[in-house]
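Structural overview
Single-letter residue listing:
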Amino acid sequence: MTKAKWSTVLLLILMGLSWSLPVTAKLPVKIERYFKNGCFEEAKDSLTALYSRHPASKEVNSALARAYLFMTVKQLWKSGTNNDLKKIKGLLSTEPKDPIALYYLGKVELKLNEKEAALKCFQKALKLDPSYTAPALDLALLYESMGEYGRARETVKPLIKRLGKDEPRQAPEVRMLLKRFSWEEGLLSIPKGKIPLSIIELPVGQVSLL
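Residues numbered from 1 in each chain as written. Predicted model: local features only at pLDDT ≥ 70, side-chain atom pairs only at ≥ 80, totals over all residues. Heavy atoms only, no water.

Attention now goes to the nonpolar core. Residues Phe 35, Leu 47, Phe 70, Ile 88, Leu 92, Val 156 and Leu 159 are the most contacted members of the largest nonpolar core, which totals 42 residues. With 8 residues, helix α4 (residues 58-79) is the largest single contributor of residues to this core. For Val 156, the residues in contact, after removing those within four places along its chain, are Ala 136, Leu 137, Ala 140, Val 174, Leu 178 and Phe 181. (Core = buried A, V, L, I, M, F, W, Y, C linked by side-chain atoms within 4.5 Å. Buried < 20%, exposed > 50% of the residue type's maximum accessible area, 1.4 Å probe, protein only. Helix = DSSP H or I, 4+ residues; strand = E, 2+ residues; numbered from the N terminus. Contact = heavy atoms within 4.5 Å.)

Quick look at the pattern of salt bridges now. For the structure on display, the rule yields 12 salt bridges. The partner of Arg 153 in a salt bridge is Glu 185, and the shortest N-O contact between them spans 2.8 Å. One end of the pair, Arg 153, is in helix α9 (residues 149-156); the other, Glu 185, is in helix α11 (residues 171-188), and 32 residues separate them in sequence. By relative accessible area, which is 28% here, Glu 185 ends up partly exposed. (Salt bridge = Lys/Arg side-chain N within 4 Å of Asp/Glu carboxyl O.)

Located in the positive-phi region is Asn 113, a residue other than glycine, with phi close to 65 degrees. Take Asn 113: it is sitting in the loop between α6 (99-111) and α7 (115-128).

Next up, the structure:
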């Protein structure tokens, strides 16, 4: 076989391999930010534009389906009936390793007053994605409602440094929560029936609420 024929055969083989391989397209960073911030319509719009350029991409198709899933969940959430909440649980149970699905499943469980189930969902979501702020905040508030102020404080503490850099608007809110959890935890150490001297001897013009 001549060199020219070998080149033609090789070219055909390479073309065949390229057709057999799954088409990939790197998703922009902003897409995941849309998902984490609950902006599913925006995620869908961006993915639709990406789909027009990469219709065979597995990543784009999967992300687009995910956007429509969460848009449906958001719509059902607005009605807030127990029947709709059960529908959401059914939809989200198909994504056991998706931190965003687990977070919203935890929100549903919490609305149904299933605190232990909500706790597990938030914990799993945070374990899968430690940088996901929403489940960390809801988990901390859930710990607070259960009187576990130390665990609430330790849950939000790692957020301070990262939020100051990536999400500065949320940083002041988290700092206030950290102070509140620390204060509540400190109150537990006060012996019953006794008031700290620092509260009795407050400087003029300062007020303390118990």
